[in-house]
Each structure stands twice: as structure tokens, then as C-alpha cells.
Amino acid sequence: MSLGLCGLVWLVVGLRILRLRGDGTPSRGSMTGALTWIAITVSLLLLDTRFDAMVGLPNISITLRRMALGIAWLRAQEFLVTTVQAGDSDPLLQRRARRRAQWSTGAYMVASVGLWIFGLPHDYEVSSMEEVPGLSTTVFAVLTYLWLLAVAVELTLLGRQACLAFKADPPAKSCGALLMIAGMVGAVGPIGMIVGRLTAVRQDAYQITMPLSGALIAAALVSAPIVEWFHARRVARKAIASMEPRWQEAVEAHPEVVLPLTRFRRWWDVTLVAERMRIELLDAGSLTSPRSHSQ
Amino acid sequence: MADLVPPGASMAEVLRNTEGLIGVPIRISRKDLQGPSAVVARGDVAVMVIDSSVEADRLSHIIGHELGHLALGHDGGERRHYDTSSERDAELFGTLTARRMRMPRLSVRSRTFRW
């Protein structure tokens, strides 16, 4: 499952990079950059000890994936602050939000490196943090978990804000909703890890919730065009149903107004069919009208 | 097409973009044509004539049709029948133009979420 989620994230990264070549606005660049770092984080989570063996440094993937996630959060700020946090365009508040993210992420990265240097063994692999007791390890570990939790909560709140701000734009709203769910799912991991660290009960939920949260973020960033496509088809089908009887009558009287479309096009591009029906009704009407004579 | 007719574009915007594409100015006038709804011919200036009976709600796809001739590199055309491939292509272009012009104009924020 995790492998599939990781594949999905990389697939969306590829699509987003392709799209970036057509329209490289700063928020699109920020969104794509952040997603790339999320994909790296999820990949490191999957590779885990295999990556450590490859580079010859036990437990290094734990630190690297945390660093990658920190970079993803920093890289995402432009997109989150200027786009998702819609409606709040005060530059002072945006600057404060960015600065808050920079400071907290900086502290998190220092704690992550501190955890690796002072809290983790350098001669053997640990499969879980519960295998490494000690106060300093607990302090560093809990600090990083708290940051993860704060990020997940902030993502949930930003997603909710986007949902409310894009009420009239269902495709953009779907992106906000998925980001909100990603934040909620993402919060399960650090809560479990904090509880696990403090109670010495092994908590492995993060191994599923982290990739799932990453995949939900990836899905959020492709949801708008997909939802928009389905939404446009639904609206077009309704329009076709309401025009159909009048259109049949009109084209029977004036078959010359009909533009022949291939069967595939008629099936695939329902919005074009609806537009043609609208135009053909108008053209047929103009031929019937006594003051007009042209198609 | 996306660059020529952005969603929610005005007719002035579409004309300006097409002029940029074909490299000559476009002049539009209205006359009683007695047959086709519009005609276009391309020279140093692209001249488009719209039949005086054409109503306002038909203008976007009819002008779009003639712009289709210009954008697709045809020397000219008249919107009367769709019995040649150039007329069918121009009509399809006009339909897509009208469809895109009727789409809502999105804010920069909304556009970022899309492709």
C-alpha cells in the first residue's frame, strides 16, 4: 500500500513539473517544489534501513526524511500563504506566517540533527525509537513530533479556510477539503509517536498515516482539474437535457445549421455538444425569424 | 487555443490576441450580406464583415468562426454552410471560442489550483 501511495505522489510530481513548464507562477513553483520534497520524504520512509545501508550511516534516513519534510514545509509557504490562505491578503500577516514557519522549521531541523547526533546509535540500526531510551533522546524526539503535529494542525486549518473561501469554486474547494483531510490524517502519526515515546508503547500508525497524508496532499494538488472536468460534464448534461426537445424541432426545420461531430467527440466532449446545441438553436432561430435570413 | 481565448475573455481581448497571432490588424464592419452571416478576407489587413441582421447573442461564435479562418491560415471564408473541411474547422474554432468566452474568469488563486 505504502509503495502505491509513494508511486502516486511521484506521479503527481511529474504531472506538476510538466504543468510548471507552461505556467511557472511563484505559487505553482512553490506547490511543485513542496510536493517534490514530500515525495522524497515518503520515499525515504519506505527505503528506511535500505537507504542507511546504501550510504553506510545507520539511522540517517530518519534524520534525512525529517529534513526533507522541513524543506517541503518551507517550500510550501508561498503556495499556502498566498493561495490556500485565501481571503487573508494582508502582507503583514503573510510575512508573519512565513517568519513563524521559518523559525519553527529551523528549530525542528536543529532538533532532528540533534536527535541523530546525540540521541541515536551510530553503529547499529534501530527499528523504532522505543529501542532508544534516555532523556535527551526523548526531548529531541518529542520536539520533532510536536513540530509535525503543529504542521498537521496548521494544514488542517488552512484547508478548512480554503474550503470556506472557495465556496463558489467547487474545484478549488475540493483541493482545500483534501488538504484539510491530509492534515487530520497527518496529525495521527505524531500524536501516536508522542504517546509511544512517553508510555513506551510501540506506535506504528505513522508508517501508514504519513504516506497516506502525503498521497492526500498529492491528490489535493490534482483534484481541481479532475473535479472541474466532472462538474463541467454534469452542467453540460443538464443543459443538453433541457435543450433537447427544442433542438430536435429546430434542426428538423433547418438541418443546415448542424455541425457534424464525430461519435467519439460527441461522447468525450459533452460540453462542446451543449455549446453546439446552444449555437444551433440560435442559428435556426435566426433563419426562422422574419427579419433575419442568414445562418 | 488557451492563449488565444483565455477563460472569460472579452471579444476585444480575443481580437487582440488573434491580431498578435496572424500579424495583421483586423477590421470589423456590418453590412447586409444577403446570405452568409459573416465573411472574412485576409490581406495587409484582415477585413471581416458581419451581416447586419446578426443579433448580439450570436456575435461571439460568428466572429469566432471568422477568427478561426484567420488563425488556421485560411485566405478567407464565409459562414453559410459546413460542406468544406475549412468551414467545419472554422466553425469548430468559433464554437470553442464561444465556449471559452462564456467560462467564468478565474482569480489568480483559483487558477493556481488548476492545470
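Analysis parameters
- Residues numbered from 1 in each chain as written.
- Chains lettered and ligands numbered in written order.
- Predicted model: local features only at pLDDT ≥ 70, side-chain atom pairs only at ≥ 80, totals over all residues.
- Heavy atoms only, no water.
- Helix = DSSP H or I, 4+ residues; strand = E, 2+ residues; numbered from the N terminus.
- Rg over C-alpha atoms; globule rule 2.2 N^0.38 Å.
- Buried < 20%, exposed > 50% of the residue type's maximum accessible area, 1.4 Å probe, protein only.
- Contact = heavy atoms within 4.5 Å.
- Areas by Shrake-Rupley, 256 points an atom, 1.4 Å probe, with all protein chains shown as cover.
- Lys, Arg positive; Asp, Glu negative; His and termini not counted.
- Charge placed at Lys NZ, Arg CZ, Asp CG, Glu CD.
- Core = buried A, V, L, I, M, F, W, Y, C linked by side-chain atoms within 4.5 Å.
- pLDDT = per-residue confidence, 0-100.
- Buried area = accessible area lost by both parts, 1.4 Å probe.
- Salt bridge = Lys/Arg side-chain N within 4 Å of Asp/Glu carboxyl O.
- Polar contact = N/O pair within 3.5 Å; in protein donor to acceptor, adjacent residues only side chain to side chain.
- Nonpolar A, V, L, I, M, F, W, Y, C, P; charged D, E, K, R; others polar.

Asker: Which residues make up the overall build of chain B, and what values go with them?
Answerer: Each helix and strand in chain B was counted, giving 4 helices and 4 strands. Its helices and strands in sequence order give chain B the pattern α-β-β-β-α-β-α-α, from N to C terminus. The globule rule puts the C-alpha radius of gyration for 115 residues at 13 Å, and the 14 Å found for chain B is close to it. With respect to the three principal axes, the spread of C-alpha positions in chain B is 45 × 30 × 25 Å. Sorting the 115 residues of chain B into buried and exposed places 50% on the buried side. Here the analysis covers contacts within chain B between residues at least 6 apart in sequence; of these, 46% occur between residues at least 24 apart. Accessible surface computed for chain B: about 5,200 Å², of which carbon and sulfur atoms make up 53%. Averaging the positions of the 16 positive and the 15 negative side-chain charges in chain B gives two centres separated by 10 Å.

Asker: Now, about the nonpolar core: what can you tell me, with residues and values included?
Answerer: Judged by nonpolar contacts, the single largest core of 61 residues is most densely connected at A:L35, A:F79, A:L80, A:V84, A:L120, A:I217 and B:F113. Going through the elements one at a time, α1 (2-22), α2 (26-47), α4 (60-84), α5 (91-119), α6 (135-165), α7 (170-199) and α8 (206-253) of chain A are the ones with two or more residues in this core. Ignoring any residue separated from it by four or fewer positions in sequence, one finds A:L120 in contact with A:N59, A:I62, A:L115, A:V126, A:M129 and A:V132. The next biggest cluster of nonpolar side chains, apart from the first, holds 21 residues, and it includes B:V5, B:L15, B:L70 and B:M101.

Asker: Account for the side chain of A:S112, with residues named and values stated.
Answerer: Looking at the secondary structure, you find A:S112 in helix α5. Discounting residues that sit within four places of it in the chain, A:S112 has contacts with A:T63, A:R66, A:M67 and A:T144.

Asker: Which residues make up the confidence of the model for chain A, and what values do they have?
Answerer: Predicted coordinates in regions of low pLDDT should not be interpreted in detail. Residue-level pLDDT values for chain A average 86, and 95% of them are 70 or greater. The secondary structure element of chain A with the lowest average pLDDT is α1(A), at 82, and the one with the highest is helix α10 (residues 270-288) of chain A, at 91.

Asker: Could you give me a rundown of the interface of chain B and chain A, with the residues and numbers involved?
Answerer: If you look at the interface, chain B gives 31 residues, while chain A gives 48 residues. When chain B packs against chain A, the two sides together hide about 3,400 Å² of surface, and 54% of this comes from carbon and sulfur. If you look at where chain B meets chain A, you find 4 salt bridges. B:R102 is the salt-bridge partner of A:E275, the closest N and O atoms lying 3.0 Å from each other. On the surface where chain B and chain A come into contact, there are 8 residue pairs in polar contact (both at pLDDT 80 or more). Those elements that provide at least two residues to the side of chain B that touches chain A are α3 (85-102) and α4 (108-113) of chain B. With 8 residues, the top contributor of residues to the side of chain B that touches chain A is α3(B). Considering only residue class, the side of chain B that touches chain A consists of 9 nonpolar, 8 polar and 14 charged.

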